[in-house]
Amino acid sequence: MVGMGKIFKISGNFMQNGEWAQPDPSFTGEIFVDDASIFCGYCNELYASHMSEVNKTRFLAGAFAPNGKNGKTGIAFYKMSNDPIQAPLMYVMPDLDNVQSGSWAALGLFGYFEPQGKAKITIEEATYSEDDESRIKSQFEEVDKSINGNDQLLEQVQCCIDILTNAE
């Protein structure tokens, strides 16, 4: 079958104020990856906080690409929310085999992602089905493109690839 993508379970965690978020992983979800290694999906936030219900589901858009340092596969993606007070985040892990290589950043007031700390991402390939692809895409389509610059981020997924291919 030409053009069949892949589905992965994705999970991760982030460090804030020198501590890993609890529980670990702090988010889990699913992504659909197309033949160009671009993906979309969603995740559920698992860590305890006083966030709104709408903020517990986040929307993921990004890519896999070989990194510029050793050619190993990395992942970079935007994590967007439908909560207008939750700034978009960016996760970058240039080498999926190196748990130490990950970091996360938050979109700052001046339109740049500002580094926040270490992060780790785990992916695991799941069995592909058209139903799962449709379900993941329809969940992703719920992202509110009118807030937080989400529409602009969705047009800049190529930046995720560039970050990885230029990683040192």
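That block above? That's the structure.
Computed from a predicted structure; not experimentally measured. (Residues numbered from 1 in each chain as written. Predicted model: local features only at pLDDT ≥ 70, side-chain atom pairs only at ≥ 80, totals over all residues. Heavy atoms only, no water.)

Peer 1: Quick one: what's the story with unusual backbone geometry, residue by residue and with numbers?
Peer 2: Residue Pro23 follows Gln22 across a cis peptide bond; omega there is -5°. Here Pro23 shows up in the loop between strand E2 (19-20) and strand E3 (27-33). The omega torsion of the bond from Asp24 to Pro25 falls at 5°, within 30 degrees of zero and hence cis. Not every positive phi belongs to a glycine, and Asn17 is a case in point at roughly 55°. With respect to the helices and strands, the residue Asn17 is situated in the loop between strand E1 (6-16) and E2. Positive phi, close to 70°, is recorded for Ser37, a residue that is not glycine. Within the secondary structure, Ser37 sits in the loop between E3 and strand E4 (38-45). (Helix = DSSP H or I, 4+ residues; strand = E, 2+ residues; numbered from the N terminus.)

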